[in-house]
Amino acid sequence: MSLRTAVYPGSFDPIHNGHLDIIERCRPLFDEVVVAVLHNESKQPLFSVEERVEIIRELVDGSADVRVESFSGLLVDFMEKVGARAVVRGLRAVSDFEYEFQMALMNRRLNPRVETVFMVPREDYSYLSSRLVKEVFSLGGDLTGLVPEPVLARLRQRLGPPVSA
Ligand code: PNS
């Protein structure tokens, strides 16, 4: 019997507790979850793809059903490569919907076997984004409970002590 594999793709720059919550929610639904970090030349990421993969691997260490990979090019091609039919995306609010809807339909057009599964993170994380994590950290705001400690440590290393008013 073939494995039910899901791909959870994203930029993860950096990963935060909302992403980790989605990974945990996926695990009982699939045999294997592949967290797929996008190589995107056009974005200027804070962390390199290698760093992001390393951070996520550290966080999911011990979960035999979770793998962390990077990919470039089309998501549907990567899914074919790893034998996945389901792509998982987190939906935080209605504002996410339009972009996610477009991507889901384009991915289906590119490969009709691909199904997008939307998952809702815990309410406490519904406003959380990687962009806000970086902004709040750099301005000295408290991120306790929103990002795991290894991410905070990397933010300190990369951005230095937060600027306080
Ligand atoms: O975390 P993000 O930045 O919202 O994730 C976006 C991601 C990585 C899911 C999306 O940009 C993607 O799948 N990129 C790969 C290129 C691709 O397949 N583009 C067509 C998808 S409609």
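Residues numbered from 1 in each chain as written. Predicted model: local features only at pLDDT ≥ 70, side-chain atom pairs only at ≥ 80, totals over all residues. Heavy atoms only, no water.

> Honestly, the pairing of strand 5 (residues 115–119) in this entry has me stumped. Any pointers?
Looking along a regular strand, one sees side chains alternate from face to face of the sheet. Sheet topology note: the strand 4 (residues 86–90)/strand 5 ladder contains five bridges and is parallel. Bridging across to strand 5, Arg-89 finds its partner in Phe-118. (Pairing = 2+ DSSP bridges. Helix = DSSP H or I, 4+ residues; strand = E, 2+ residues; numbered from the N terminus.)

> Explanation requested: the site of the ligand in the structure shown.
Around the ligand, the surrounding shell holds 14 residues, and the nearest of these are Ser-11, Lys-43, Gly-73, Leu-75 and Arg-89. Interatomic distance of 2.6 Å between a side-chain N/O atom of Ser-11 and an oxygen atom of the ligand. Residue Arg-89 places a side-chain N or O atom 3.0 Å away from an oxygen atom belonging to the ligand. Out of a free accessible area of 550 Å², the ligand has 76% covered by protein chains. At the level of secondary structure, the elements contributing two or more residues to the shell around the ligand comprise strand 1 (5–10) and helix 4 (94–110). Looking at the shell around the ligand, the element that brings in the most residues is helix 4, giving four residues. Grouping the amino acids of the shell around the ligand by side-chain chemistry returns eight nonpolar, four polar and two charged. (Near = heavy atom within 4 Å. Polar contact = N/O pair within 3.5 Å; in protein donor to acceptor, adjacent residues only side chain to side chain. Areas by Shrake-Rupley, 256 points an atom, 1.4 Å probe, with all protein chains shown as cover. Nonpolar A, V, L, I, M, F, W, Y, C, P; charged D, E, K, R; others polar.)

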